[in-house]
Amino acid sequence: MASENHTAATVPEFDAERLASHLRAQIPGLSGPMRLARIGGGQSNPTFFVDFDNRALVLRKQPPGELLPSAHAVDREYRVLRALAGTDVPVPHAVLYCDDRSVVGTPFYVMDKLEGRVFPHYTLPEIPAAERRAYYFAMAETLARLHAVDWAAAGLGDYGRPGNFFQRQVTRWTRQWEASRTREDANIDRLIAWLPANIPAGDHTTIAHGDFRFGNLMFHPTEARVIAVLDWELSTLGHPLADVAYSCMAWHTGADEFEGMLGVDLAAEGIPTQADYAAHYRQTGGHAEPVTNFHLAFSLFRFAVILEGIAARARSGSAAASDAVQVGAQAAGFARRAAALID
């Protein structure tokens, strides 16, 4: 992920000189002019490359405008990165957090930039077919490592509420739907009724990433090895199967739905089945219970509500990306896929 050599003047969202002064005061030894470039593709927290002659950084901030409760929690992202720094989970080094809105208009944090590869498409067109299975298994192993972390020992005992995760999450995302809905959706209504009545028995608590997918993993420049898990905005203490099911959504969606793989000849493309991926997660130390249609339907429902939030921000003019209208419109498709699983 090489940075682009843009000047600070190309980013109009905040006063770049104020940011440069703040960083120089907080990070000793920075030299040369600050070069600032927005990283495209994100739909939530605006993210920027911040380069000096002797140090390359990444800045993540809240979007401008009115925000939904608990959304865009960059302070939590910073906290979990710091907590995981001493574990087997690969994360970028978090450098500083700033809640002074006078600097860039919102709270933000800064981390060191890593050089590696991020693959936005589950079909991994950049990778030879014979090598793709290894990348999927590296993803599964990284998720298993995350779920093996002792969250209390890592200082995250109050990062979320242990227990009753799915019950609380269904309630939360139902409320988010009501707060951000731009339309009627019978599939969402069905899911809101079905999910709380079909929560599997048993409970387990781990650190849950909340958005665990290929697009949020950075791989080594040449190896099938994850060097950083990115975008921790939705992380909390939760049930590990929520993460596993979320990372499996691409097996249940089409190519026009965030690069899903329905209809793809998996064997020909060197891509494991969902069952093989989930089995590798379990075999490398992940949670032992299987993913069910409940977990998959919940993940698709939750993502539909997230997409509806993007649509709402696009309507209000506070969306973080230029394609927010198109992305937000996909909420109905994910709700339809979720509803198909409960028929």
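As a reminder, the structure under discussion sits directly above these lines.
All of these numbers come straight from a predicted model, not from anything done at the bench. (Residues numbered from 1 in each chain as written. Predicted model: local features only at pLDDT ≥ 70, side-chain atom pairs only at ≥ 80, totals over all residues. Heavy atoms only, no water.)

Undergrad: Explain the overall build of the chain to me, using residue names and the numbers behind them.
TA: Each helix and strand counted, the chain has 12 helices and nine strands in total. Relative to a compact globule of 343 residues, whose C-alpha radius of gyration would be 20 Å, the chain shows 20 Å and is just as compact. Its C-alpha atoms give the chain principal-axis dimensions of roughly 60 × 45 × 40 Å. Taken over 343 residues, the chain has a buried fraction of 53%. Residue pairs in contact within the chain that sit at least 24 positions apart in sequence constitute 71% of those at least 6 positions apart. Accessible surface computed for the chain: about 14,500 Å², of which carbon and sulfur atoms make up 51%. (Helix = DSSP H or I, 4+ residues; strand = E, 2+ residues; numbered from the N terminus. Rg over C-alpha atoms; globule rule 2.2 N^0.38 Å. Buried < 20%, exposed > 50% of the residue type's maximum accessible area, 1.4 Å probe, protein only. Contact = heavy atoms within 4.5 Å. Areas by Shrake-Rupley, 256 points an atom, 1.4 Å probe, with all protein chains shown as cover.)

Undergrad: I'd like to hear about the pairing of strand 4 (residues 94-98), residue by residue, with values.
TA: For a regular strand, the rule is simple: side chains alternate between the two faces of the sheet. Buried residues dominate strand 4, accounting for four of its five residues. Where strand 4 meets strand 5 (residues 108-112), four bridges bridge the pair, whose relative direction is antiparallel. Its bridge partner lying in strand 5, Cys-98 is registered against Phe-108. (Pairing = 2+ DSSP bridges.)

Undergrad: Which residues make up the pairing of strand 3 (residues 55-61), and what values do they have?
TA: Counting buried positions over the seven residues of strand 3 gives five, a clear majority of the element. Across six bridges, strand 2 (residues 47-52) lies against strand 3 in antiparallel orientation. Counterpart to Phe-48 in the pairing with strand 3 is Leu-59.

Undergrad: Would you mind going over the pattern of salt bridges in detail, with residue names and values included?
TA: Following the criterion strictly, the structure yields 16 salt bridges and no others. A salt bridge links Asp-53 to Arg-35; the nearest nitrogen and oxygen atoms lie 3.1 Å apart. With Asp-53 in the loop between strand 2 and strand 3 and Arg-35 in strand 1 (residues 35-38), this pair connects stretches of sequence that are 18 residues apart. For Arg-183, the salt bridge goes to Glu-308, with nearest N and O atoms at 3.2 Å. With Arg-183 in the loop between helix 5 (165-180) and helix 6 (186-194) and Glu-308 in helix 10 (residues 293-316), this residue pair connects regions lying 125 residues apart in the sequence. (Salt bridge = Lys/Arg side-chain N within 4 Å of Asp/Glu carboxyl O.)

Undergrad: Tell me about the sheet that holds strand 3, and please be specific about residues and values.
TA: If you walk across this open sheet you meet the five strands as 1-2-3-5-4, and the pairing is antiparallel. Where the open sheet ends on each side, the last strands, each with one partner, are strand 1 and strand 4. The mean inter-strand angle of the sheet, taken between neighbouring strand axes irrespective of direction, is 20°. Summarising the sheet, strand 1 and strand 2 pair through four bridges and their orientation is antiparallel. (Axes fitted to C-alpha atoms, helices over the stretch in contact; angles between N-to-C directions.)

Undergrad: Quick rundown of helix 2 (residues 74-84)? Include the residues and the values.
TA: Residues lying three or four places apart along an α-helix face the same way, a consequence of the helix completing one turn every 3.6 residues. When helix 2 is considered as a whole, its buried residues turn out to be Val-74, Glu-77, Tyr-78, Val-80, Leu-81, Ala-83 and Leu-84. On the buried face of helix 2, the contacting elements are strand 3, strand 4, strand 5, helix 4 (129-148) and strand 6 (206-208).

Undergrad: Tell me about the packing of helix 4 against helix 7 (residues 240-247), and name the residues and values.
TA: To characterise two packed helices, one gives the angle between the axes of the helices and the distance between these axes. Their axes nearest at 10 Å, the elements helix 4 and helix 7 cross at an angle of 165°. One element, helix 4, and the other, helix 7, form an angle in the roughly antiparallel class. The handedness of the crossing between helix 4 and helix 7 comes out as right-handed. On the side of helix 4, the interface is formed by Met-139, Leu-143, Leu-146 and His-147, while helix 7 contributes Pro-240, Asp-243, Val-244 and Ser-247. (Parallel < 35°, antiparallel > 145°, perpendicular 65-115°, else oblique. Left-handed = near helix turned anticlockwise from the far one by under 90°.)

Undergrad: Break down the packing of aromatic side chains for me, citing the residues and quoting the values.
TA: What the rule picks out here adds up to 21 aromatic pairs. The rings of Phe-119, Tyr-122, Tyr-135, Tyr-136, Phe-214, Phe-219, Trp-251 and Tyr-277 are connected pair by pair, giving a single aromatic cluster. Looking at Arg-76, its charged tip hangs above the ring of Tyr-159, at a distance of 3.9 Å from the centre. If you follow Lys-113 out to its NZ or CZ, it ends over the ring of Phe-49, 4.3 Å from the centre. (Phe/Tyr/Trp six-rings, centres within 6.5 Å; stacked < 30°, edge-to-face > 60°. Lys NZ or Arg CZ within 6 Å of the ring centre and 35° of its normal.)

Undergrad: Can you tell me about the nonpolar core, naming the residues and giving the values?
TA: Core analysis: the largest hydrophobic core is formed by 79 residues, its most contacted members being Leu-84, Tyr-136, Ile-207, Trp-232, Tyr-277 and Phe-298. By residue number, the principal contributor to this core is helix 10, which donates 12 residues. Setting aside residues up to four positions removed in sequence, Tyr-277 forms contacts with Tyr-136, Phe-137, Met-139, Ala-140, Leu-143, Phe-212, Ser-247, Cys-248, Trp-251 and Pro-272. (Core = buried A, V, L, I, M, F, W, Y, C linked by side-chain atoms within 4.5 Å.)

Undergrad: Explain the packing of helix 6 against helix 12 (residues 331-341) to me, and be specific about the residues and the numbers.
TA: Contact geometry for helix 6 and helix 12: axes closest at 8 Å, N-to-C directions at 45°. Considered as vectors, helix 6 and helix 12 are oriented oblique to each other. For the pair helix 6 and helix 12, the crossing hand works out as left-handed. On helix 12, the residues touching Asn-187, Ile-188, Arg-190 and Leu-191 of helix 6 are Ala-335, Arg-336, Ala-338 and Ala-339. Among the residues making up the contact of helix 6 with helix 12, the classes are represented as five nonpolar, one polar and two charged. (Nonpolar A, V, L, I, M, F, W, Y, C, P; charged D, E, K, R; others polar.)

Undergrad: How would you explain the side chain of Gln-169 if you had to name every residue and give the values?
TA: Along the chain, Gln-169 falls in helix 5. Setting aside its immediate chain neighbours within four residues, Gln-169 contacts Phe-298 and Arg-302.

Undergrad: Give me the lowdown on unusual backbone geometry, citing residues and values where you can.
TA: Even without glycine at this site, Asn-164 takes up a positive phi of about 55°. Structurally, Asn-164 is set in the loop between helix 4 and helix 5. With a relative accessible area of 49%, Asn-164 lands in the partly exposed category. Even without being a glycine, Asp-231 presents a positive backbone phi close to 60°. Mapped onto the fold, Asp-231 is located in the loop between strand 8 (226-229) and strand 9 (236-238).

This is a description of form; function is not addressed.
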